[in-house]
Number of protein chains: 2
Amino acid sequence: MRPGFSPDIFPPRGHEAKRLSIVDAAAGVFCREGFAGANIDLISAEAGVSRQTVYNHHGDKEKLFMAVVRDLTERCNVGIFATIATFPDQPGDLEADLIGFAVRLNQNCICNRDGKFLRKLIQTEGERYPELFAEWREQGPGRTWPAIAARFARLAYGGHLTIDDPDVAARQFLGLANAELQTIFMLGGTPSEDEVLQSATNGVRTFLRAFGKRPSPSSVKKHTALANA
Amino acid sequence: MRPGFSPDIFPPRGHEAKRLSIVDAAAGVFCREGFAGANIDLISAEAGVSRQTVYNHHGDKEKLFMAVVRDLTERCNVGIFATIATFPDQPGDLEADLIGFAVRLNQNCICNRDGKFLRKLIQTEGERYPELFAEWREQGPGRTWPAIAARFARLAYGGHLTIDDPDVAARQFLGLANAELQTIFMLGGTPSEDEVLQSATNGVRTFLRAFGKRPSPSSVKKHTALANA
DNA sequence: GACGATTTAGACAAGAGTGTCTAAATTTGT
DNA sequence: ACAAATTTAGACACTCTTGTCTAAATCGTC
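In this report, the structure presented in the accompanying data block is examined. (Residues numbered from 1 in each chain as written. Chains lettered and ligands numbered in written order. Predicted model: local features only at pLDDT ≥ 70, side-chain atom pairs only at ≥ 80, totals over all residues. Heavy atoms only, no water.)

**A closer look at the packing of helix H5 (residues 94-110) of chain B against helix H9 (residues 166-177) of chain B**
All names here are of chain B.
Here is step 1: At a closest axis distance of 11 Å, the pairing of H5 and H9 adopts a crossing angle of 75°. Our classification of the angle between H5 and H9 gives roughly perpendicular. Facing Leu 98, Phe 101, Ala 102, Leu 105, Asn 106 and Ile 110 of H5, the residues of H9 in contact are Phe 173, Leu 174 and Ala 177.
Here is step 2: Of the residues that constitute the contact of H5 with H9, the class distribution is eight nonpolar, one polar and no charged. (Axes fitted to C-alpha atoms, helices over the stretch in contact; angles between N-to-C directions. Helix = DSSP H or I, 4+ residues; strand = E, 2+ residues; numbered from the N terminus. Parallel < 35°, antiparallel > 145°, perpendicular 65-115°, else oblique. Contact = heavy atoms within 4.5 Å. Nonpolar A, V, L, I, M, F, W, Y, C, P; charged D, E, K, R; others polar.)

Shown next as structure tokens:
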């Protein structure tokens, strides 16, 4: 590292790129093989890097694993909050808007590479690293659920929904939207776009049957018109 | 084994008991450590058996793993069908009866030892043994979901519910009943009785808001009476 | 108590993986 | 093109695990 000059940015340029490709490859291998089954030779090969470089960057296997989980958590959080920002606060067609939101949440946060990997690592190794996953819990669900619940609360306050407990409603919303994807998730598969849309559509319809306002005359007219179009 | 007599029952008595204790211990260790991380010495120690006995019974690690999954699948299926048999076909108080059913399903099939273990093994190692888990899918979800859906269809036919698609309704029922337990399941934890009851209660209420018949005058009277009691 | 079958403890070879080290090759900034 | 830092390949010691083997101990049954 440079003698006495700007010691804060020691790694030049390709350095950081290699760090990323290592973490990326490691994520894939840890997910496929589990922590114990993952081997550093395979990770380095998949990252296109020598084994020694992996050790230079991350010290040992356990530290590498931690880095993977932290990276995934952070990237997933960014995606989730970006998606929450698209929540329909002033809905035009509430049903269509909520279906769109549910589909975006699935495609951008749950079914994408990062989401799948993070979920699997939590399920697989969660019990082995209590502090690490406690941190995930605070940073992840602990911040995203209230954010989603707040959006539903606003929708209720605006008169678009009839909700007792926004927290419960938020969890039930996702439970319904993903009701038909559970078996696929369980086996680590990725549902097709159609499957996501189908599940979200059925889920949102049920959600609105339970929490939607009884259709006012005008909206009935509108829906009927659409159905006949 | 006995010279020329009844060659079908070679293992005497304690033999089968040991086989069971090995499979039991193996289930626990495979779940905690993953397939690669599980070690036969630990399994044999936990089963109270010598390592050689494990090999005598199951040949090798992979065959042992298969035996574990098959055993768990079979035991879980028994539990699930036993619980489905308690589905309220002629409900008195529909809400209470469905909550009871949801709680039983959780406690006897999903949150119990076998259910937890099987779920974790499927999530963790499902991709590594496609045929094995294809078998599970047919024997498990492939048979239980239609059975549950049929019960909801009967309830709808009997005029207790308004359902378009019984298969969708069945999946949404479980999705709602477990909506509040997802984070706990994800980390491999076991929800408390209270948490199960709470989630089931909220889930069933929402389910009935969506699919229940509008309360008839008599049932309103009844519920009001109960509420005031 | 005696017999056959099962289980046990321990040693063993073979293989795989981690983490370290070194010297040579390569990349990077100037 | 130079100098410093980084990366690389390969060898290495060490540990752990699997699966086999053997001889002694134990169990169940007659």
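Anyway, onward from the coordinates.
**Brief notes about the interface of chain B and chain A**
Interface size, as often reported, equals the accessible area lost upon joining of the parts.
Here is step 1: With 37 residues of chain B at the contact, the number on the chain A side is 37 residues.
Here is step 2: The junction of chain B with chain A conceals about 3,400 Å² of combined surface from both sides, 54% of it contributed by carbon and sulfur atoms.
Here is step 3: It is Met186(B), Leu187(B) and Arg209(B) in chain B that bury the most area against chain A; as a group they hold 20% of the surface buried on that side.
Here is step 4: Linking chain B with chain A are eight salt bridges.
Here is step 5: The salt bridge partner of Lys120(A) is Glu127(B), with a shortest N-O separation of 2.7 Å.
Here is step 6: Linking chain B with chain A are 11 residue pairs in polar contact (both at pLDDT 80 or more), by the criterion used here.
Here is step 7: If you list the elements that add at least two residues to the side of chain B that touches chain A, you get helix H1 (14-37), helix H6 (113-125), helix H7 (130-139), helix H8 (141-157), H9, helix H10 (182-186) and helix H11 (193-211) of chain B.
Here is step 8: The element that contributes the greatest number of residues to the side of chain B that touches chain A is H11(B), accounting for six residues. (Buried area = accessible area lost by both parts, 1.4 Å probe. Salt bridge = Lys/Arg side-chain N within 4 Å of Asp/Glu carboxyl O. Polar contact = N/O pair within 3.5 Å; in protein donor to acceptor, adjacent residues only side chain to side chain.)

**A look at the pattern of salt bridges**
Here is step 1: In this structure the tally under the stated criterion is 34 salt bridges over all chains.
Here is step 2: Arg154(A) is paired through a salt bridge with Asp89(A); the nearest N and O atoms lie 3.3 Å apart. Here Arg154(A) is found in helix H8 (residues 141-157), whereas its partner Asp89(A) is found in the loop between helix H4 (61-84) and helix H5 (94-110), with 65 residues between them in sequence.
Here is step 3: Relative accessible area serves as the criterion here: at 49%, Arg154(A) is assigned to the partly exposed category.
Here is step 4: Its salt-bridge partner being Glu125(B), residue Arg128(B) comes within 3.0 Å of it at the nearest N-O pair. (Buried < 20%, exposed > 50% of the residue type's maximum accessible area, 1.4 Å probe, protein only.)

**Quick notes on the relation of the copies chain B and chain A**
Here is step 1: Turning chain B through 180° and shifting it by 0.0 Å along the axis lays it on chain A, with an RMSD of 0.1 Å. Here the copies are linked by what is in effect a two-fold axis. Residues of chain B ranked by C-alpha distance from the rotation axis are headed by Ala210(B), positioned 2.2 Å from it.
Here is step 2: Most of the interface of chain B is mirrored in chain A, where 100% of its interface residues are also at the interface. (Least-squares fit on C-alpha atoms with pLDDT ≥ 70 in both.)

**Digging into the packing of helix H2 (residues 40-47) of chain A against helix H3 (residues 51-58) of chain A**
Residues and elements named next belong to chain A.
Here is step 1: The contact between H2 and H3 brings their axes to 8 Å, and the two run at 95°. Looking at the two axes, H2 sits roughly perpendicular to H3. The residues of H3 that touch H2, namely those facing Ile 40, Asp 41 and Ser 44, are Arg 51, Val 54 and Tyr 55.
Here is step 2: Here the contact of H2 with H3 is composed, by residue class, of three nonpolar, one polar and two charged.

**Things to note about H5(B)**
Residues and elements named next belong to chain B.
Here is step 1: In this model, H5 (17 residues) spans 22 Å end to end at C-alpha, consistent with the 24 Å of a helix rising 1.5 Å per residue.
Here is step 2: All of the buried residues in H5 are Leu 94, Leu 98, Ile 99, Phe 101, Ala 102, Val 103, Leu 105, Asn 106, Cys 109 and Ile 110.
Here is step 3: The inward-facing, buried residues of H5 abut helix H4 (61-84), H6, H8, H9, H10 and H11. (Expected span 1.5 Å × (residues − 1).)

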